[in-house]
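# Geometric and topological summary
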Amino acid sequence: LMIEARTPEKGLEMAVEALKQIHEENGIKHQVLKISGSKLSKRGIFASEDKISGKDLVIEEAGDLTPEALAELNQFMDRDETGTIVVLIDNPRQMEELHGQNPQLAAKFECIGVKDEDPIEDVSEAVLKQIALQEDIAREEIQGEAGEEVEEEIPVPVKKAAMPEEKRAKKV
């Protein structure tokens, strides 16, 4: 999820609400890690991969992620099989910039803004869209794998075994 919030506190509140809804929908509960974009950039996504895998990752001030960290995040999300949910939080200007500079990464996220008076309704809608997006991605991966491994099946006519002459003679 990409959350646009005027304050970090409001963004974190929206992230917690969204993660609760996702966990309820999926029947799972992951531990949540929170880190700033600048700290994660210094540490590196892959250097932190063991700590991140199998947990949900909330990145505050996501606009501070370096291009290298964003590329690593994109790769991490492509190969993660543990169900890690990544939430990026920042102000609307930073999120627009991040979205514009990284359209491939941004396509993996649903955006939640603070334009509406009731952000909870906005969160609910985005959560449902994010779940549907993750299901579509998983379905495409399964179909892609199946398409590579499955060979075309050609029906082979089954011939009846010829009866020995003794049995044919008895029938006559």
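Up top you'll find the structure we're talking about.
How each quantity is defined
Residue indices follow the written sequence of each chain, beginning from 1 at its first position. Residue-level local features of this predicted model are given only where pLDDT is at least 70; pairs of side-chain atoms are given and counted only at 80 or more, and the full residue set underlies all totals for whole chains, interfaces and linings. The side-chain numbers reported here are obtained from all heavy atoms of the structure, hydrogens and water having been left aside. For each residue, the accessible area found with a 1.4 Å probe, counting protein chains only, is set against the maximum for its type, and the residue is called buried under 20%, exposed over 50%, and partly exposed in between. Helix and strand definitions here come from DSSP, where helices need a minimum of 4 consecutive H or I residues and strands a minimum of 2 consecutive E residues; each element is numbered from the N-terminal end. Arc definition: it is the arc formed by the directions from the helix axis to the C-beta atoms. Here, two residues are considered to be in contact whenever any of their heavy atoms come within 4.5 Å of each other. N or O atoms closer than or at 3.5 Å make up a polar contact, with two conditions inside protein: a donor-capable atom paired with an acceptor-capable one, and, for residues adjacent in sequence, both atoms drawn from side chains. Note: two strands are recorded as paired if DSSP finds a minimum of 2 bridges between them. For the handedness criterion, the strands are oriented away from the viewer, and a crossover whose path from the first strand over the helix to the second runs clockwise is classed as right-handed. Buried Ala, Val, Leu, Ile, Met, Phe, Trp, Tyr and Cys residues that are joined via side-chain atoms within 4.5 Å together make up what is termed a nonpolar core. When a carboxyl oxygen of Asp or Glu lies within 4 Å of a side-chain nitrogen of Lys or Arg, that pair is called a salt bridge.

Turning next to helix 5 (residues 92-101). Along helix 5, the positions that sit buried rather than exposed are Q94, M95 and L98. Projected onto a plane normal to the axis of helix 5, the buried residues spread over an arc of 95° and lie on a single side. Opposite the buried face of helix 5, at more than 90 degrees from it, the exposed residues are R93, E96 and G100. For helix 5, the secondary structure elements touched by its buried residues are strand 1 (2-4), helix 4 (67-79) and strand 4 (86-90). Two or three places before R93, at the opening of helix 5, N91 has a side-chain oxygen 3.1 Å from that residue's backbone nitrogen.

Buried residues dominate strand 4, accounting for 5 of its 5 residues. Note: strand 1 against strand 4, 3 bridges, orientation parallel. Across the sheet, residue M2 finds its bridge partner in strand 4, namely L88. With 4 bridges joining them, strand 3 (residues 56-60) and strand 4 adopt parallel strand pairing. Pairing of V58 across the sheet is with V87, part of strand 4. Crossover handedness for the path strand 3 to helix 4 to strand 4: right-handed.

A positive phi angle, close to 50°, is found at E61, a residue other than glycine. Along the chain, the position of E61 falls in the loop between strand 3 and helix 4.

Within the largest apolar cluster, 20 residues are counted, with the highest numbers of intra-cluster contacts made by M2, L40, I59, A62, L65, L73 and L88. For this core, the secondary-structure elements that each account for two or more residues are strand 3, helix 4, strand 4, helix 5 and helix 6 (103-106). With 4 residues, helix 4 is the largest single contributor of residues to this core. Dropping the residues within four chain positions of it, L40 is found in contact with I35, I45, S48, L57, I59 and L65.

As a further point, take the pattern of salt bridges. Evaluation of the coordinates by the stated rule reveals 5 salt bridges. Between D78 and K108 there is a salt bridge; the shortest N-O distance is 2.6 Å. You can see D78 sitting in helix 4 and its partner K108 sitting in the loop between helix 6 and strand 5 (111-112), a full 30 residues away along the chain. Look at D78 and you get partly exposed, because its relative accessible area is 47%. Measuring nitrogen to oxygen at the nearest pair gives 4.0 Å for the salt bridge that ties R93 to E97. Of the two residues, R93 and E97 are both situated in helix 5; the distance of 4 residues between them amounts to about one turn of the helix. Since its relative accessible area comes to 57%, R93 is described here as exposed.

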